Amino acid sequence: MKILVINGPNLNMLGIREPGIYGSETYEDLTRVITDAAVGRGVDVEIFQHNHEGVIVDKIQSALGKFDGIVINPAAYTHTSVAILDALKAVSIPAVEVHISDVSAREEFRQISYVRLACIDTFAGFGFDGYVMAMDRLITHLKN
Ligand code: DQA
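Residues numbered from 1 in each chain as written. Predicted model: local features only at pLDDT ≥ 70, side-chain atom pairs only at ≥ 80, totals over all residues. Heavy atoms only, no water.

Some thoughts on the site of the ligand
Around the ligand sit R17, Y22, N73, A75, A76, H79, H99, I100, S101, V103 and R110, and that is every residue in its neighbourhood. Here an oxygen atom of the ligand and a side-chain polar atom of N73 are 2.8 Å apart. Residue S101 places a side-chain N or O atom 2.6 Å away from an oxygen atom belonging to the ligand. Coverage of the ligand by the protein chains reaches 98% of its 320 Å² of free accessible surface. Most atoms of the ligand, that is more than half of them, are within 2 Å of grid points of the largest pocket. (Near = heavy atom within 4 Å. Polar contact = N/O pair within 3.5 Å; in protein donor to acceptor, adjacent residues only side chain to side chain. Areas by Shrake-Rupley, 256 points an atom, 1.4 Å probe, with all protein chains shown as cover. 1 Å grid on protein atoms, 1.4 Å probe; cavity = no way out; pocket = protein on both sides within 12 Å on 5 of 7 lines; lining within 4 Å. Sits in = over half its atoms within 2 Å of the grid points.)

A few points about the packing of helix α2 (residues 27–41) against helix α5 (residues 129–143)
In the contact formed by α2 and α5, the axes pass within 9 Å of each other and the chain directions differ by 30°. With respect to α5, the axis of α2 lies roughly parallel. α5 is crossed by α2, and the crossing has right-handed handedness. Across the interface between the two elements, L30, V33, I34, A37, A38 and R41 from α2 touch Y131, V132, M135, D136 and I139 from α5. In the contact of α2 with α5, the residues fall into nine nonpolar, no polar and two charged. (Axes fitted to C-alpha atoms, helices over the stretch in contact; angles between N-to-C directions. Helix = DSSP H or I, 4+ residues; strand = E, 2+ residues; numbered from the N terminus. Parallel < 35°, antiparallel > 145°, perpendicular 65-115°, else oblique. Left-handed = near helix turned anticlockwise from the far one by under 90°. Contact = heavy atoms within 4.5 Å. Nonpolar A, V, L, I, M, F, W, Y, C, P; charged D, E, K, R; others polar.)

Comments concerning the pattern of salt bridges
Summed over the entire model, instances satisfying the criterion amount to eight salt bridges. Between D121 and R137 there is a salt bridge; the shortest N-O distance is 2.8 Å. Of this pair, D121 sits in strand β5 (residues 121–124) while R137 sits in helix α5, placing them 16 residues apart in sequence. Take R137: its relative accessible area is 28%, and that puts it in the partly exposed class. (Salt bridge = Lys/Arg side-chain N within 4 Å of Asp/Glu carboxyl O. Buried < 20%, exposed > 50% of the residue type's maximum accessible area, 1.4 Å probe, protein only.)

Focus: the nonpolar core
In summary, soluble globular proteins display a tendency toward joint burial of nonpolar side chains. One finds I3, L14, L30, V71, I100, Y131 and M135 to be the most contacted residues of the largest nonpolar core, which totals 24 residues. Only β1 (2–7), α2, β4 (95–99) and α5 provide two or more residues apiece to this core. Here this core gets six residues from one element, more than from any other, and that element is α5. If we ignore the near neighbours within four places in the chain, the residues touching I3 are V43, D44, V45, E46, F67, G69, V71, M135, L138 and I139. The next biggest cluster of nonpolar side chains, apart from the first, holds 21 residues, and it includes L4, I60, I72 and I84. (Core = buried A, V, L, I, M, F, W, Y, C linked by side-chain atoms within 4.5 Å.)

Some details on a nonpolar patch on the surface
On the surface, V82, I112 and Y114 cluster together into a nonpolar patch covering about 230 Å² of accessible area. Taking relative accessible area as the criterion, V82 reaches 39% and is therefore assigned partly exposed. (Patch = residues over 30% accessible without salt bridge, like charges linked within 9 Å, V, L, I, M, F, W, Y side chains within 5 Å.)

Describing the environment of A75
Structurally, A75 is set in the loop between β3 (69–73) and α4 (82–91). For A75, a relative accessible area of 12% gives the class buried. Each C-alpha atom, one on A75 and one on G8, is 5.0 Å from the other, the two residues being 67 residues apart in sequence.

Let's talk about the side chain of H99
Relative to the helices and strands, H99 resides in strand β4. A distance of 2.8 Å separates a polar atom in the side chain of H99 from a polar atom in the side chain of E97.

This is the structure in structure tokens:
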């Protein structure tokens, strides 16, 4: 089973950006959590981060025929990007949305998620564990 994990803008700044919201662990720490979880589950994982919307769209398109599932934290593009939503719909690869913070308890503009419309589930507010929960959700979905 091959899973692609996509992280959107500013997630490369984890550990530096707003530690009160996102914690003090770095992006490298996050990649370690995801890689360890994948190894423990016998899953092949690729972890990708980019700050540009179009590059994320390209990455989703290129996943067609290569990946069985996608875990995606689109970061700020969650709340704005019809292009990322359409890319997920175009490839029809099962996807799960993740947010490190509990977006439901934050600003009004974070209550909208376009990407969610193309996802089978969402995990928000569980910190880095949310990525592992999303991976498990995908594994269960793909096995059934
Ligand atoms: C985020 C939440 C978004 O609202 C924000 O723009 C981010 C990170 C999260 O992981 O909690 O950059 O997706």
